[in-house]
Structure formats: structure tokens, C-alpha cells
Amino acid sequence: MHRPVLLVIAHGSRDPRHAATVHALVERVRSLRPELRVETGFLDFAVPSVPGVLDSLAAEGVRDVVALPLLLTRAFHAKADIPAVLAEADARLRIRRADVLGPSPLLLAALERRLYEAGLTPADKSSTGVVLASAGSTDPEAIAVIAAIAREWRHTGWCAVRPAFASASLPRTEDAVRELLALGCERVAVAPYVLAPGFLPDRIARGAARADVLADVLGPAPEVARVVLERYDAARMPLPAAAGGGLRLHRATGLPAP
């Protein structure tokens, strides 16, 4: 069966740890599905660029691509930057646009994995307050998603779960830590809801100074790799026939772009 190439689109960062983590995640995706060709492109700061990868694929004769935003929420990059870049791709490419990674129960499992790797145990849940610390956004939809994830996660047995943001929104990580301490939680843990290290994850870490536990970023957790493949599979539905060929985009919802 023909399989479209999976193009993982990462934001990019001046911090070299970011690209290294993205590549590690992509390698895990490849290990889960060795028969699938997976390429990586960056929007900024790192190479290869998304346009460069798309040009190379078109020149090579590839015609079907699933472009997957390596993002946890549908904020500005997912709604504006990535569609704009894909719209400039070679007209010979048929591009399906997969949805962002979050929210997903698998990502909650990855967050708990990181907390347990940092020293907690399932027996600690009822006495531990957790700060769900994301990068932050000015997009109301993205903020609402983070708050909803925190509410859902609270119902799995934690003492309390509070959302926090490293930029653009409030509260900050340190404020949420302070709130959980005042609430009387026996211990406080900070779970970064971010994919890779960088400037904002470092700000989250500084805000966790009074917490008892700071988990690692999600990175190449196996659950994250599985979400990537879920989003890829959901986006592989047949494209509608288009007179004259050219670029056709749709999200994993199945709604064709005009």
C-alpha cells in the first residue's frame, strides 16, 4: 500500500537541545514504524527548513506528503505559520495536514511517565499537587485546552492540578507552585507540557524552584511517538479529486481546504 511521506514540522529554536530532542523523537517514530519514511523540517532557527524539505521531496518525485505540526495546541503556528508555508509548496505535491498532537490521553500518560521518572510513584498521587506548565499563548483556544487538560488530569487522583504558562498568559509556574503549597499539598511537582528544551522550558524550570519535583520535557517519550503516528494515520484519508492538480490541504478532520 502506498504510504505518504510523513513530514514532521517543528518550530525550531536557537537552543541546540531543541533540534536534538526533535530528532530523537523522530527516530522513535521511525522505530515504531520502520516502513514509513519520516522527514523533519523546521520553521525557524534550524535546518533543514520546511520549504527546503518540500522542494527536495518534489524534486525526488515524491507526490504524497502528510505534514504534521509538532505542536501541542492549535495556536498561531498551527493556524497561520504552517498553512502559509505549505501553501507555497511545489504544486506537484499533494499535502495532507495532520492535526496537532494535543490533547490526547497518551500525552497525559507521557506526563505521568516523566513525573515517575523524576522520583514520584503512583502512591504519591493523592498527596501531590501538580503544575501543568505550558509555554503559553495569546490564543484563547489554546489557553482553554490547557485548562481543560488540567481539570481532566485532576480527576485521575492527584491532590490538585493547576495550569501555568511560561509566557503570554497567567499564572506563571512559580505562582501555581505557591498556590498548591498554600492549598496544603504534601508535595508539589511541576510537569512541563512542552516537547523540547529551550528558552521557555528553562523559564518553567526556574519557576519550579520551590517545587519538590521537576519533570523532564515530553521529548521522545514513546507515548508522544504513538500520538504522532495516530495523527498521521488520521490524515491519510483519500484526497478529493482536483481538476488541474496542485496543492490540496486538509486537516485530519477531513474538511478539504478551498
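Up top is the structure these notes are about.
For every chain, the first residue of the written sequence is number 1, and numbering continues from 1 along that sequence. This being a predicted model, a pLDDT of at least 70 is required before a residue's local features are given, and a value of 80 or more before pairs of side-chain atoms are given or counted; all residues contribute to the totals for chains, interfaces and linings. To get the side-chain values, all heavy atoms of the structure are used, and hydrogens and water are removed first.

The next subject is the overall build of the protein chain. Looking only at helices and strands, the protein chain has 8 helices and 8 strands in total. For 258 residues, the compact-globule estimate of 2.2 N^0.38 gives 18 Å, and the protein chain sits close to it at 19 Å. When the backbone C-alpha atoms are referred to their principal axes, the protein chain occupies close to 65 × 35 × 35 Å. Between buried and exposed lies partly exposed: a residue is buried under 20% and exposed over 50% of the maximum accessible area for its type, with that area taken using a 1.4 Å probe on protein chains only. Residue burial in the protein chain is summarised as follows: out of 258 residues, 52% are buried. In the protein chain, the share of contacts with a sequence separation of at least 24, taken over all contacts with a separation of at least 6, comes to 75%. What sets the accessible areas is the Shrake-Rupley method with a 1.4 Å probe; for residues, cover comes only from the shown protein chains. If you sum the accessible surface of the protein chain, you get close to 11,400 Å²; carbon and sulfur atoms cover 56% of it. Charged side chains of the protein chain number 31 positive and 28 negative; the gap between the two group centres comes to 3 Å. Strands here mean DSSP runs of E at least two residues long; helices mean DSSP runs of H or I at least four residues long; both are numbered from the N terminus. Atoms considered for the radius of gyration are the C-alpha atoms alone. The globule rule reads 2.2 Å times the number of residues to the power 0.38. Contacts were defined at the residue level, with two residues in contact if any of their heavy atoms lie within 4.5 Å. Only four residue types enter the charge count: Lys and Arg as positive, Asp and Glu as negative, with His and the chain ends excluded. In this description, the location of a charge corresponds to atom NZ of lysine, CZ of arginine, CG of aspartate or CD of glutamate.

With respect to the helices and strands, S127 occurs in the loop between α4 (105-117) and β5 (128-134). A polar side-chain atom of S127 sits 2.7 Å from a polar atom in the side chain of R187. Ignoring any residue separated from it by four or fewer positions in sequence, one finds S127 in contact with C159, C185, E186 and R187. Two N or O atoms form a polar contact when they lie within 3.5 Å of each other; inside protein one atom must be a possible hydrogen donor and the other a possible acceptor, and for residues adjacent in sequence the pair counts only when both atoms belong to side chains.

A separate point is the sheet that holds strand β1 (residues 5-10). Sheet architecture is open: 4 strands sit in the order β2-β1-β3-β4, paired in parallel fashion. This sheet does not close on itself; its edge strands, each paired only once, are β2 (38-42) and β4 (94-97). Strand after strand, the sheet turns through a mean of 30° between neighbouring axes, direction not considered. For two strands to be treated as a pair, DSSP must find no fewer than two bridges joining them. For β1 and strand β3 (residues 64-69), the ladder comprises 5 bridges, and the chain directions are parallel. Within β3, the position partnered with L7 by the bridge is A67. As a rule, the C-alpha atoms of each element are fitted with a line to give its axis, helices using only the stretch in contact, and angles between N-to-C directions run from 0 to 180 degrees. On the sheet, helix α1 (residues 16-32) packs against β1 and β2 and is oriented at approximately 160° with respect to β2. Of the strands in this sheet, β1, β2, β3 and β4 are in contact with helix α2 (residues 50-60), which crosses β2 at around 145°.

Salt bridge, as applied in this entry: a Lys or Arg side-chain nitrogen positioned within 4 Å of an Asp or Glu carboxyl oxygen. A full pass over the atoms with the stated rule returns 20 salt bridges. Linking R113 and E117 is a salt bridge whose minimum nitrogen-to-oxygen distance equals 4.0 Å. Pair noted here: R113 and E117 are both in helix α4, with a separation of 4 residues, about one helical turn. Residue R113 is classed as partly exposed on the basis of its relative accessible area of 30%.

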